[in-house]
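Survey of secondary and tertiary structure
The chain contents come next:
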Amino acid sequence: MTDAFPDLAPHYRDPHPYPHGVAWQDGQYIPVSEAKISVLDYGFLHSDATYDTVHVWDGAFFRLDAHMERFLGSVDRLRMTLPVSPDDIRTILHGCVALSGHRKAYVEMICTRGTASNFSRDPRDATNRFLAFAVPYGSVANDAQMQRGLDITITDTTRIPPGSVDPRIKNYHWLDLIAGLFHAYDRGGETALLLDANGNIAEGPGFNVFCVRNGTLLTPAEGVLPGITRRTVMDIGAEQGRTVQAMALSPDILRSAEEVFITSTAGGIMPVTRLDGNPVADGQVGPVTDSIRTTYWAWHKDARFIDPVAYRE
Ligand code: PLP
């Protein structure tokens, strides 16, 4: 920064690092490092955007229909208009993964409020934007945490209440979740669980939570994203003949549970063996968690739930 009034840069080059991947934007597939939204997009300025994340495992999408349905519902609730059809979205997502070559991928579809030529504050004036990308699969828990279980901190940060932001709309309002993460790190935890306005357990940064009590699977009923992995656990529970109940879950219920685990497209079923540094039951990964996790990954080979990607080679 030497010249007070420099010329505009003719060829801006982004110096930031990116993973390998492929994005789709404005009719074209491009390297993910080149996919951009405008600084004037209300998706960025106001967090006025929605998205969904689906994963590809061993070359096939898992529960793509369910993710698409949730995404289309989110877009509808935000009164956005997608510039592409649902069939186009399916094709675009397959295209991003096929071109990336990733057999295990993390795939996002995004709709932002977009921009308006007069920078209008009226969201109805904006032209909505659709983007998608595929990058290598990532997980909330690392390999060691998957084996021994996570140590989660129950933070005092309150999750944005459902009366403010409808949690059925998957969104980027993550400042409460990020604050929770830092509280957890400060207290020696590996990730965080946030409470709802009544002091009950809500969810964490990118995951839902379950516990096992007297053999019954319990999960928070309200104020959480209806996770597709959460739904899958409910389906597996039903198939295994277990009772699954969505209800208000106090921190004490969780602390006295036989087992605790968290669920996300980014990681699947992840055991939690410590809460606030104290062991859950005997501090080992429990048999119900283990059994549900095994079935969850077995379902990734089940034709009912998968959509194979047609790679080039
Ligand atoms: N809760 C929040 C806030 C999330 O962001 C996510 C996923 O990103 C989840 C829960 C888990 O949802 P899913 O199982 O559909 O990945």
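Cut-off values and rules
Residues numbered from 1 in each chain as written. Predicted model: local features only at pLDDT ≥ 70, side-chain atom pairs only at ≥ 80, totals over all residues. Heavy atoms only, no water. Disulfide = S-S within 2.5 Å. Pairing = 2+ DSSP bridges. Helix = DSSP H or I, 4+ residues; strand = E, 2+ residues; numbered from the N terminus. Axes fitted to C-alpha atoms, helices over the stretch in contact; angles between N-to-C directions. Contact = heavy atoms within 4.5 Å. Expected span 1.5 Å × (residues − 1). Buried < 20%, exposed > 50% of the residue type's maximum accessible area, 1.4 Å probe, protein only. Arc of directions from axis to C-beta.

This part is about the state of the cysteines. This structure, assessed with the given rule, holds 0 disulfides. Looking at the unpaired Cys111, the closest cysteine sulfur is the one in Cys96, lying at 15 Å.

Taken in spatial order, the 7 strands of this open sheet run 2-1-6-5-3-4-15, and their pairing is antiparallel. Sheet topology places strand 2 (28–31) and strand 15 (306–308) at the edges, where each strand pairs with a single neighbour. Ignoring which end each strand starts from, the neighbouring axes of this sheet average 25 degrees apart. Here strand 3 (residues 49–57) pairs with strand 4 (residues 60–62) via 2 bridges, running antiparallel. The residue bridging Trp57 from the neighbouring strand is Ala60, located in strand 4. Its contacts with the sheet put helix 2 (residues 64–77) on strand 3, strand 4, strand 5 (105–115), strand 6 (127–136) and strand 15, and the angle it makes with strand 3 is roughly 175 degrees. Across the sheet, helix 3 (residues 86–100) touches strand 1 (22–25), strand 2, strand 3, strand 4, strand 5, strand 6 and strand 15, and the angle it forms with strand 6 is around 35 degrees.

With that settled, the discussion passes to helix 5 (residues 175–186). Every α-helical turn comprises 3.6 residues, leaving residues that sit three or four positions apart pointing alike. Its 12 residues give helix 5 an end-to-end C-alpha distance of 17 Å, which sits within 8% of 16 Å, the value for a rise of 1.5 Å per residue. Those residues of helix 5 that sit buried are Asp176, Leu177, Gly180, Leu181 and Ala184. Projected down its long axis, helix 5 shows its buried positions confined to an angular sector of 145 degrees, all on one face. With respect to the buried face of helix 5, the exposed residues turned more than 90 degrees away are Leu175, Phe182 and Asp186. Buried-residue contacts for helix 5 involve strand 7 (150–158) and strand 8 (191–195). Within two residues after helix 5, Gly188 carries a phi angle of roughly 85 degrees, on the positive side.

Quick look at the environment of Thr81 now. Mapping Thr81 onto the fold places it in the loop between helix 2 and helix 3. On a C-alpha basis, the gap between Thr81 and Thr112 in space is 9.8 Å, while along the polypeptide they are 31 residues apart.

With that out of the way, let us pick up the environment of Val288. Of note, Val288 is situated in helix 8 (residues 287–298). Its relative accessible area of 12% is what places Val288 among the buried residues. C-alpha of Val288 to C-alpha of Arg242: the two residues are 46 residues apart in sequence and 9.7 Å apart in space. When near neighbours in sequence (up to four residues on either side) are disregarded, Val288 contacts Val212, Leu217, Arg242 and Glu259.

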